[in-house]
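# Descriptive analysis of the structure
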Amino acid sequence: MLGKMERSEQVLKVGLIGNPNSGKSTVFNQLTGLRQKTGNFPGVTVEVKEGRFTLPKGQAVALIDFPGAYSLYPTSTDEKVLVEVLANTSDPNFPDLLVFVADVTHLEKHLLLFTQVLDLNIPTILALNMSDVAEAEGIKVNPTRLSAQLQAPVVFISGRTGENLPQLIQAIEQLAESRDPWKSSFYKMNNDELRISEAVCQNFACTNPYRALLLAHHKDWLRFLSPAEHATLDTIVKTKQFQSLLQQVDETMVRYDQFTPIVRDTVQQPSVFPVTATDRIDAILTHRIFGPFLFLGVMLLVFMVIFYGYEITGGWVESTMAWLIEGTETLLQPVSAGWVVDFITKGVLEGFKGVLVFVPQIALLSLLIALLEEVGYLARAVFMFDKMMRRFGMNGRSIVALISGGACAVPAIKGTRTIGNWKERLITILVTPFISCSARIPVYMVLIPVALPNANWWVWAQVFGAMYLLGVLAALGSGWILNKVMKSREATFLALEMPVYRAPHWKNVWLTVVDKVANFVSGVWKPILLITSALWFLSSFGPGDVAGKAEQSAAEDIEAGIAADSVRGDLEASYRLEYSWAGKLGKTIEPVIRPLGYDWKIGIGILSSFLAREVFNSTMYIIYSLESVGAAEEEAAGDQSPFERYSSLKDKMAMDTHRDSREKIYTPATGLSLLVFYALAMQCMSTLVVVKNETGRWRWAVLQFVFMGSLAYVLSWITYMLVNLIA
Amino acid sequence: MQRRHRTLPELKASESAQAISFTDPSLACKLTAMGVLPGAIIEMVRKSPFGDAFYIKVDGIRLALRSEEAQTILLTD
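### Focus: helix α8 (residues 209-218) of chain A
Residues and elements named next belong to chain A. Of all ten residues making up α8, nine are buried, and the element is well covered by its neighbours. Packed against the buried residues of α8 are α2 (77-86), α3 (107-118), α7 (191-203), α9 (227-239) and α10 (244-266). With a side-chain oxygen lying 2.8 Å from the backbone nitrogen of Tyr210, the N-terminal cap of α8 falls on Asn208.

Take a look at the structure:
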């Protein structure tokens, strides 16, 4: 995006960079507050935030928060973005100046990237963060000496307390106004590097010798290079026999040799690192035996909060929507045609509800995940589960997504942004919807007793549990297969820093939640509205005079004594659906789903489930001429034990027979096959839209839809055949 | 005759040793950038629940490494 936030010529572009865990995002949030937007760097799914603030004399600043990086020799897509921008002076995000945030308690390792950036000749301020912690740990820094030796302004700050931020802002202003050309170079290139750098400079508009060297190092993946430029660099590297990797290690070591004495000279720190609270907490939280159990406990808690959050907020959303629909009807009915009212209430407002229902869940999940991330716990989870999840093509962080998928796949998939490796993240996104989410529960509640009418409560509960197990197995199994099939050039690393445990910074948490919710809503409302409108059209209109035909059929049934006059309205609704395009479609796909034991009514149910899986129930209520009791039974469900719910629907379904053979539709074989289908098929438009948004392409959403659908079809068919064989 | 150096995974829990060098240049680049340098004292804090990953401490920095990554770090005896 970045383009989305209009940036005029006069805006000063300030890049915020630093290592992961340097407290960079806290500084960003402190400086910009709510005046920030999240987007992606063009072409890659790396998140970037841009915020605004104004310098004391009125200069507007666009602060660009780059992904955390350890050096300009990147190993992940995230880190590459930084090089992509800094190596290309004509990049729209190329900063006028940089603020480098370094954790003063471990200054040495931060200076690697800092000195690399210095050599790119971009004016840079070194912001020594966590000054409050440093003080507590007895670390003393001499800023004047440090500044003199590094040839760059140095400011002490504490992102968490906001201490000295005005000084940082002042330093930015001073540096921006400074007329002196910025000149600093730190690293002396060796002869090999010099030769390469000079050769590159002869062929490219050379802005800086170190930048020229970076072009040679990274020619294979820098996307701003044209094929011709790439070829030129290839020739240079080949003829000069440039050993890129070895030179990178060499350069890193030489830099360390150069700045280690500076750190020793300017920073006083205790000679031994004491055993801290973090060590003591980790002795329990990452314990070889207790650690995983504690983690599962924490995740169970997360799952329960979202699950019950859904039960509660789902009710709010329902009542808000009912109120809205009623209000719209009373307002519009006198002034507009029936179909307009119908479209607004069942098409537009249904879409609105489809978005609204996820908002509390996304807010809750991102709140909890942000908290776990803020305190530093997620890194431990990655450490503990890395090995296990890697067998299935994922990584330690995927386990968070899979467990939250038990509540709802939408926030779970949004949460995968913390997974650095693209392939592992993609696999996680693709398999998470297999986990049975809360929307499947009402469907299971209807189908399980219908499938096994003679079984008792205990068997039903076991089948219910088996549905969850099936989802987990499908997710892990597909992960395993995808891992074998998908090729990835990106090396996967664990090499992960485990930050010191600390209390969450509430401003960070709050801004994350706001950002996630805003991002979700802006990303999904258009496609969801489109789909609900389309589904409304399909179920409201059909060939010919649908309403007239429905009225006639209902009248015939009542005359023939098949139905009582009291249910005329329900009967007409049922026929209207049957004669609509959706009904036609259900009948058209009947031959396809007949091998699974389904009839056209189930076909309509499956089609309408695309709104959200629980819509299966309300559709069935209409089809079975129970529209008027449906709402009451769904409302009463909350007070009933799970398998007592929806009783009149279950009775009607259990009695129904196939048109052709006159055999019962809901045999154990059909029921179980339909359960398998609902456990495995991708039937949720919101998830598909989020998958498209998160992967950047419809391609993956379509692939997921086809893959999950085929698997569901095949396994449902096998279930149907097997149960028929046994029964 | 070349003597074989110990590698990081051979350390027992809470044992420390000095790193000498790395066997894989691309990982060396990553590890040095994260603060694991030749000459640094590495403490093996503990192994992961399912094995195959290590929790180490270097100069007060806590890191998690996979065994493939840890194997590239050679230690003094």
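From this point, the discussion proceeds with the structure in view.
### Some details on the interface of chain B and chain A
Taken residue by residue, the interface counts 33 residues in chain B and 43 residues in chain A. Between chain B and chain A lies a buried interface of about 3400 Å² when both sides are counted; carbon and sulfur atoms form 64% of it. A salt bridge links Glu68(B) to Arg390(A); the nearest nitrogen and oxygen atoms lie 3.2 Å apart. Counting across the interface, chain B meets chain A through 15 residue pairs in polar contact (both at pLDDT 80 or more).

### A closer look at the pairing of strand β5 (residues 97-103) of chain A
Residues and elements named next belong to chain A. Summarising burial for β5: seven of the seven residues are buried, a large majority. Burial along β5 is two-sided: the residues Leu97, Val99, Val101 and Asp103 and Leu98, Phe100 and Ala102 are all buried. Inspection of the sheet shows strand β1 (residues 12-18) paired to β5 by five bridges, in the parallel sense. If you follow Val14 over to β5, its bridge partner there is Leu97. Where β5 and strand β6 (residues 124-129) come together, six bridges link them in parallel fashion.

### Some points on the nonpolar core
Among the nonpolar cores identified, the biggest contains 122 residues, and Phe295(A), Leu649(A), Met653(A), Tyr666(A) and Leu674(A) are the most heavily contacted of them. By size, the runner-up hydrophobic cluster in this structure holds 110 residues, among which are Phe94(A), Leu111(A), Ala134(A) and Ile139(A).

### Examining α2(A)
Across the ten residues of α2(A), seven count as buried, placing the element largely inside the fold. Those residues of α2(A) hidden inside the fold are in contact with β1, α3 and α8 of chain A together with α1 (25-33) of chain B.

### Section: the packing of aromatic side chains
Under the counting rule described, the total for this entry stands at 19 aromatic pairs over all chains. Measuring from centroid to centroid gives 5.7 Å for Tyr575(A) and Tyr579(A), while their planes differ by 20°, and the two rings are stacked. Highlighted residues: Tyr575(A) and Tyr579(A), both in helix α23 (residues 568-579), separated by four residues, approximately one helical turn. With 6.0 Å between their ring centres and 80° between their planes, Phe610(A) and Phe705(A) make a pair best called edge-to-face. One end of the pair, Phe610(A), is in the loop between α26 (600-608) and α27 (615-623); the other, Phe705(A), is in helix α32 (residues 698-726), with 95 residues separating them in the sequence. Feature note: the residues Phe295(A), Tyr377(A), Phe385(A) and Phe50(B) constitute an aromatic cluster, connected by ring pairs. The ring of Tyr579(A) has Lys549(A) lying over it, and the distance from NZ or CZ to the ring centre is 5.4 Å. Over the ring of Tyr55(B) we find Arg46(B), and its NZ or CZ is 5.5 Å from the ring centre.

### Observations concerning the domain arrangement of chain A
Residues and elements named next belong to chain A. Structurally, chain A comprises domain 1 (12-177), domain 2 (191-268) and domain 3 (522-726). Using C-alpha coordinates to define each centre, domain 1 is positioned 23 Å away from domain 2. Note on domain 1 versus domain 2: buried area summed over both sides is about 2700 Å², and carbon and sulfur give 60% of it. Counting every contact that joins domain 1 to domain 2 gives three salt bridges. Close ionic contact of Glu84 with Arg223 constitutes a salt bridge, the shortest N to O distance being 3.8 Å. Applying the counting rule to domain 1 against domain 2 returns 15 residue pairs in polar contact (both at pLDDT 80 or more). For the side of domain 1 that touches domain 2, the secondary structure elements donating two or more residues are α2, α3, β7 (140-141) and α5 (143-150). Among the elements that make up the side of domain 1 that touches domain 2, the one with the highest residue count is α3 (seven residues).

Reading the values: the criteria
- Residues numbered from 1 in each chain as written.
- Chains lettered and ligands numbered in written order.
- Predicted model: local features only at pLDDT ≥ 70, side-chain atom pairs only at ≥ 80, totals over all residues.
- Heavy atoms only, no water.
- Buried < 20%, exposed > 50% of the residue type's maximum accessible area, 1.4 Å probe, protein only.
- Helix = DSSP H or I, 4+ residues; strand = E, 2+ residues; numbered from the N terminus.
- Contact = heavy atoms within 4.5 Å.
- Polar contact = N/O pair within 3.5 Å; in protein donor to acceptor, adjacent residues only side chain to side chain.
- Buried area = accessible area lost by both parts, 1.4 Å probe.
- Salt bridge = Lys/Arg side-chain N within 4 Å of Asp/Glu carboxyl O.
- Pairing = 2+ DSSP bridges.
- Core = buried A, V, L, I, M, F, W, Y, C linked by side-chain atoms within 4.5 Å.
- Phe/Tyr/Trp six-rings, centres within 6.5 Å; stacked < 30°, edge-to-face > 60°.
- Lys NZ or Arg CZ within 6 Å of the ring centre and 35° of its normal.
- Domains from an automatic or database assignment.

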